[in-house]
Each structure stands twice: as C-alpha cells, then as structure tokens.
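Residues per chain, in single letters:
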Amino acid sequence: MTSPADPLLQAQAALAAGDLPAAEAALDRRLGAASRDVGALLLKGMLRERAGDLRAAVSFYQAALAQDGAFGGLPPTLAPLADHARAAIDRAQVEFAAHLAASIGPLPPRVQEAVELMRGERQLYFQQPSVFYLPCLPQRRFYEVEEFDWLGSIVEKIPAMQAELAAVMAGGEDVFAPYVERPENRPAPNNPLLEKPDWGAFYFWRDGEPVKDAAARCPVTMAALELAPMPRIPGRSPNALWSRLKPGTHIGSHVGMLNSRLICHVPIRTAPACTLRVGSETRAWSDGVPLIFDDSIEHEARNDGPEERVVLLFEIWRPEITEEERAGIGSILAAIQSYGVG
C-alpha cells in the first residue's frame, strides 16, 4: 500500500497543484528508491519534456517502455502516458535527424552509413552461416571488382558467354531446372520457390563435378570459370551455374551455409528493376559489372521488372583466408560430406 508520504503520491499532488519543481523533486526521491518504477519514469520524462529538455525526456521514456516490454504490459491507467512517450520518442528522432543533417553536412559513404545506423535508419547485419563459421573475418557485404585481378579476364568474356546463352536458349527448350529442388531422401525445403521455374538453374559445376553437357555446349563459360579461385572440395565444390530470375520473382531473405566463401554474380542478361539486398545495402545488376558478396549475411533478390535476369553464379574463396586455412576448411567440409555415406 502507498501512504501520504509516498513520493509518487506527492508528485501527483504537486502536479495537480501545478508545482512542477516539487513534483520533479518527489519523482527523484521515488526513482532513488525504485529506479525502474515505470510510472515514475514516465512522469519524470513528461516533466523533462515540459521543461524543454527533450533529450532527457526521451531517456526516461525509453527506460519506462523497456520495463514495459520486459514485464508484460503497463497498467491501463498508464497507457495514455506511454502512448505520449512513444510519440515523443518518434518526434525526437525526427528532430535529431534534422539537427545532424544541418550540423554536419555531406559525409563519405561509410561515415554516412554510421550516422544512419545511429539514427535507426539502418539495421546491423552480421555473418550467420547455417553450417560453418570461420571467426575474425571482415563483416563486409559486397566486395568490389577491382579487388580481384582475375575478374577482369572473366568480364572480357561476357559477350562470348552471352552468345553461348543465346545459342542454348535458341533451341526452344527450357534448359533451366528449378533452383530449389526436392532432395532425395531428405525433407523438402520450406521454400515458396520449391520446384518452381521462377528461379532457374543451369549448372556447369555441381557438388564438385563438371556437368558434361553444359561444358560441351558452353566452352567459353567453362574456361571463364577456370580463372576464378573456386573451392575444390570433393562432393561439395565447386558450384557454378546460370541463375535465372523470372519477372515477378522474389527470393526471400536467407543466409548461406559458410562464411569462408564469397558469391560472384557475372551479369549475362541484365534486366530493369532487379535488385540484390545484402544486409542493409541494395545493389542492381549492371552490364559488365559483377557483384561479389558474402552470402552468410542475410540477403534477398527481386525481379520487379518485365524481363528475366540471368547471371553466372559461382563461389570463390574469401581473399582473407590463407592457403593453409583453405586446406583445413576443405578437409572439414569433405569430412562432413562423407559422414554417414554407406
């Protein structure tokens, strides 16, 4: 039970009388004895807001709402004040963003992203591979073309690879199989694209073996792939394919199995309104410009345009991994692959 000497009751009485300093002093006493009293935190925030100190008000409001989330709901009598607190926090975020924009001016891209993270306009994403995590690697979403000496020679072959795609497609048959397939003796993946042609695959290498028919039909593409530092792990790698995305297709958010590799997309047939989001960064496929990204970071792809998009997709070793580490990772993944095989 509360008593007339209860600081919270004293604060409420002072508020009713319009004595804001006395009300705030009483709330300070209450918070001194119970620092996470939600009602006192909300009232303290309101008084700081009335005093023109919105920054302090927000800190009290946030502390109160955090307690609300942790303990499963506020008393109904405090609901209007909690709603006011949320609106004040939103207003403060808008004002803070405007203040920063007016105060600091244009920034380099990486520093600008840091500001957007601080303002809550971007989300932090980290590597979270589903099978194998190698510690202490850079948390980079995309790598740039100029970082890979061998990539320029592949880019030079794009026109010839485009001709190979056109020749393969000229036969009238759909040579693309669904990328998401139902595996033998395994549960079907919970994926809306299961067995659908919307996301198609035409393999050149699959689970460490070349696909003979594709190799015979597309010698330039096979030669281009030999220039890349693809992992060579029996039963697992390399994997390389044409990846087709039909109009209206959305590959939902997901992560890859490993953070020891990068995925390279060499554009063979670009299309408008096609995007790849990796973490909080979104890029589009452009003619002659490969996209290299870490697929252990949450990513998704969309084709919101009227034309299909085709890229040459293959995996490469991350450049930060030494030859000794590559050998060790290869032996681990080969051992995983061989487990339980009769």
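Please refer to the structure placed before this passage.
Just so it is clear, the structure is predicted and the values come from calculations on it, not from any experiment. (Residues numbered from 1 in each chain as written. Predicted model: local features only at pLDDT ≥ 70, side-chain atom pairs only at ≥ 80, totals over all residues. Heavy atoms only, no water.)

### Points about the packing of aromatic side chains
The geometry of an aromatic ring pair is captured by two quantities: the separation of the ring centres and the angle between the planes. Across all of its chains, the model carries 10 aromatic pairs by this definition. Note on Tyr-143 and Phe-148: the rings are 6.2 Å apart at their centroids and 45° apart in plane angle, and the pair reads as tilted. On the accessibility criterion, Tyr-143 (2% relative accessible area) is buried. You can call Phe-148 buried: its relative accessible area is 7%. An angle of 90° between the planes, with centres 5.0 Å apart, marks the rings of Phe-204 and Trp-242 as edge-to-face. Of the two residues, Phe-204 is situated in strand β3 (residues 199–206) and Trp-242 in strand β5 (residues 240–245); the sequence distance between them amounts to 38 residues. You can call Phe-204 buried: its relative accessible area is 0%. (Phe/Tyr/Trp six-rings, centres within 6.5 Å; stacked < 30°, edge-to-face > 60°. Buried < 20%, exposed > 50% of the residue type's maximum accessible area, 1.4 Å probe, protein only. Helix = DSSP H or I, 4+ residues; strand = E, 2+ residues; numbered from the N terminus.)

### Topic: the packing of helix α2 (residues 20–33) against helix α3 (residues 38–50)
Packed helices, taken two at a time, are described by their axes: the angle between them and the distance between them. The interhelical angle for the contact between α2 and α3, taken along N-to-C directions, is 145°, at an axis separation of 10 Å. Crossing of α2 over α3 shows left-handed handedness. Of the residues in α3, those touching α2 at Leu-20, Ala-23, Glu-24, Leu-27, Asp-28, Arg-30 and Leu-31 are Ala-40, Leu-41, Leu-43, Lys-44, Leu-47, Arg-48 and Arg-50. Classifying every residue of the contact of α2 with α3 by side-chain character gives eight nonpolar, no polar and six charged. (Axes fitted to C-alpha atoms, helices over the stretch in contact; angles between N-to-C directions. Left-handed = near helix turned anticlockwise from the far one by under 90°. Contact = heavy atoms within 4.5 Å. Nonpolar A, V, L, I, M, F, W, Y, C, P; charged D, E, K, R; others polar.)

### Considering the layout of surface pockets
Quantified by volume, the largest pocket comes out at close to 1600 Å³. Every residue lining the largest pocket is counted, 45 residues in all, and those nearest its centre are Tyr-179, Trp-199, Tyr-203, Met-257 and Arg-261. For the lining of the largest pocket, the secondary-structure elements that each account for two or more residues are β3, β5, β6 (250–254), β7 (261–269), β11 (299–303) and β12 (309–317). In the lining of the largest pocket, the residues fall into 20 nonpolar, 13 polar and 12 charged. Taken as a whole, the second largest pocket encloses approximately 410 Å³ of empty space. Going through the elements one at a time, α4 (54–71) and α5 (79–104) are the ones with two or more residues in the lining of the second largest pocket. Counting residues per element, the lining of the second largest pocket draws most heavily on α5, at six residues. A breakdown of the residues in the lining of the second largest pocket according to their chemical character gives six nonpolar, three polar and three charged. (1 Å grid on protein atoms, 1.4 Å probe; cavity = no way out; pocket = protein on both sides within 12 Å on 5 of 7 lines; lining within 4 Å. Points joined across faces, edges and corners; volume = space filled by probe spheres on them.)

### Examining empty space enclosed by the protein
Counted by the stated rule, this structure contains one cavity of 30 Å³ or more. By volume, the largest cavity is sized at about 50 Å³. For the largest cavity, the full set of lining residues is Pro-231, Ile-233, Arg-236, Ser-237, Leu-258, Ser-260, Arg-261, Glu-315, Trp-317 and Leu-333. Of the residues that constitute the lining of the largest cavity, the class distribution is five nonpolar, two polar and three charged.

### Structural notes on the sheet that holds β6
Here four strands make up an open sheet; going across it, the order is β6-β11-β8-β9 and the pairing antiparallel. Whereas interior strands pair on both sides, the edge strands pair on one side only; in this sheet they are β6 and β9 (281–284). Each adjacent strand pair in this sheet contributes to an overall mean axis angle of 15°, direction not counted. Relative to β11, β6 runs antiparallel, the two being bridged by three bridges. Opposite Ile-251, over in β11, you have Ala-301 as the bridge partner. (Pairing = 2+ DSSP bridges.)

### Points about the pattern of salt bridges
Pairing is possible between side chains that carry opposite charge, provided their charged atoms lie close to one another. A full pass over the atoms with the stated rule returns 29 salt bridges. Note that Arg-30 is salt-bridged to Asp-37, the shortest N-O span being 2.6 Å. For Asp-213, the salt bridge identified is with Arg-217, shortest N-O distance 3.5 Å. Of this pair, Asp-213 and Arg-217 both sit in helix α9 (residues 212–217), separated by four residues, roughly a single helical turn. For Asp-213, a relative accessible area of 47% corresponds to the partly exposed category. Via salt bridges that share partners, Glu-113, Glu-116, Arg-122, Arg-141, Glu-144, Glu-281 and Arg-283 belong to a single interconnected network. (Salt bridge = Lys/Arg side-chain N within 4 Å of Asp/Glu carboxyl O.)

### Points about the side chain of Arg-119
As for its placement among the helices and strands, Arg-119 is situated in the loop between α6 (109–118) and β1 (142–143). A distance of 2.8 Å separates polar atoms of two side chains, one belonging to Arg-119 and the other to Glu-121. (Polar contact = N/O pair within 3.5 Å; in protein donor to acceptor, adjacent residues only side chain to side chain.)

### So, helix α1 (residues 7–16)
Of the positions making up α1, those classed as buried are Pro-7, Leu-8, Ala-11 and Ala-14. All buried residues of α1 lie within an arc of 120° about the axis, which places them on one face of the element. For α1, the elements touching its buried residues are α2 and α3. The N-terminus of α1 is capped by Asp-6, whose side-chain oxygen sits 2.7 Å from the backbone nitrogen of Leu-8. Phi turns positive, to about 80°, at Gly-18, one or two residues after α1. (Arc of directions from axis to C-beta.)

### A look at the nonpolar core
Membership of the largest hydrophobic core comes to 32 residues, with the highest contact counts inside it found for Phe-204, Trp-242 and Phe-314. Those elements that place two or more of their residues in this core are α7 (151–156), α8 (158–169), β3, α10 (219–225), β5, β7 and β12. (Core = buried A, V, L, I, M, F, W, Y, C linked by side-chain atoms within 4.5 Å.)

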